[in-house]
Amino acid sequence: MKPTIPTARTVAKLGASRPLPEGRAGMLRLDFNENTVGCSPEVVRALARLTSERLAMYPEYRTATARLARHFGVQPAELLLTNGIDDGLRLIVDAYIDPRDAVLVVEPTFDMYRFYSNIAGARVTSLRYDREMRFPLADVLQALRGSKRHSRPPRAFFLANPNNPTGSLVAPAALRQILEAAPRTLVLIDEAYFEFSGVTVLPWIHRYPNLVVARTFSKAMGLASLRLGCLFANCEVIATLQKASSPFPVNTAALVAADAACRDRAFVRNYVREIRCSREELERGLAKLGILTYPSAANFLLADFGPRAPAILRRLASQGILLRDRTSDFGRPGYVRITIGTRAQTRRLLRAIAKLW
């Protein structure tokens, strides 16, 4: 008999791990909110110039951090590079969340907020977007201030803005109310889709000491495979997060690619313009078919295909078109998240849906 190795109690309570998607190359990938045209050619050229000597060395971060800080308009001490936003979330939980601490989320949202909080043994309080995918501001403010239902303010509040998978955007005025209601709560504003929404609170890190802002190079920049994220906060918070960080969290190729991506502003600007136009075209096309969609400020659209959704998704996949089933977020089949591709890709998708609908 093989010996049984005891599992940490918080991990033992987790469900089975979900297999990552494989075999997506060559397909129209509208399922993971990736850049559907690829990264800037400047990134490819920069990576091609990497020498064997540099690849044999451990990464150095000072120069890259200084350049990226200039790009984002912050001081180097206000920026921490992470292995994607996922790694940034883990750092926040490791540095600030103890077992039994309360964490607040508004669901459905990015499931890694709950995942890392559960591993830490935190108590996750979940509020919900309503049927129109509207943000429950009054309930959030009540939870942050403490009430009979929420005896103490949570230790952390995780908010994606725009939210994934709803696409909804919380306005700056509401974000200001949240931050002022929660002076003792660490508030993470996850701006993974900032380039598409144009709404940011990054300059507010100088005003609110409890604010952390997250950004990624995986979406508009097209660097998902290189796993690079950024956390922004005041110097004290960044110093605390660095204590929980590994010595070499980001690889050299990611640093080189990020620098090149930031220098090619025209590429990102043109790509974002194309995606916004394509999003509008997809909304109109689905509306003509009678398919309900929800307003989105991101590079994806949430649609309700009704009970026929699973069959339609299978048929689309057989034609090389991948969409994301979000049944688990809403408790019934029908909800589908569609990554926005180029207008040509959107027209291909609409033609395929029309034939199945």
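In this report, the structure presented in the accompanying data block is examined.

Conventions we followed
- Residues numbered from 1 in each chain as written.
- Predicted model: local features only at pLDDT ≥ 70, side-chain atom pairs only at ≥ 80, totals over all residues.
- Heavy atoms only, no water.
- Pairing = 2+ DSSP bridges.
- Helix = DSSP H or I, 4+ residues; strand = E, 2+ residues; numbered from the N terminus.
- Contact = heavy atoms within 4.5 Å.
- Axes fitted to C-alpha atoms, helices over the stretch in contact; angles between N-to-C directions.
- Core = buried A, V, L, I, M, F, W, Y, C linked by side-chain atoms within 4.5 Å.
- Buried < 20%, exposed > 50% of the residue type's maximum accessible area, 1.4 Å probe, protein only.

Turning our attention to the sheet that holds strand S12 (residues 324–325). Read across the sheet, four strands follow the order S9-S10-S13-S12 without closing on themselves; strand pairing throughout is antiparallel. Bordering the open sheet on either side are strand S9 (292–293) and S12, each of which pairs with just one other strand. Of the pairings in the sheet, the one linking strand S10 (residues 300–304) to strand S13 (residues 335–339) comprises five bridges and is antiparallel in character. Within S13, the residue paired with Leu302 across the bridge is Arg337. On top of the sheet, helix H12 (residues 265–288) reaches S9, S10 and S13; it is set at about 10° to S10, its chief contact.

Think of a sheet as strands paired side by side through backbone hydrogen bonds, with each pair either parallel or antiparallel. Taken in spatial order, the seven strands make up an open sheet running S2-S8-S7-S6-S5-S3-S4, and their pairing is mixed. Only two strands of the sheet have a single partner each, and these edge strands are strand S2 (79–82) and strand S4 (123–128). Shown here is a sheet whose adjacent strand axes are inclined to one another by a mean of 20°, direction ignored. Both strand S3 (residues 102–107) and strand S5 (residues 156–160) contribute to a ladder of three bridges, which runs parallel. Pairing of Val103 across the sheet is with Ala156, part of S5.

Moving on, we come to the nonpolar core. The nonpolar side chains of a soluble globular protein tend to be buried with one another. Counting residues in each nonpolar core, the largest one holds 114 residues, and the members touching the most others are Phe157, Phe158, Ile178, Phe217 and Ile338. Looking at this core, the element that brings in the most residues is helix H11 (residues 252–263), giving nine residues. In terms of nonpolar packing, the next biggest core, distinct from the first, is built from five residues, Met133, Leu302, Phe330 and Tyr335 among them.

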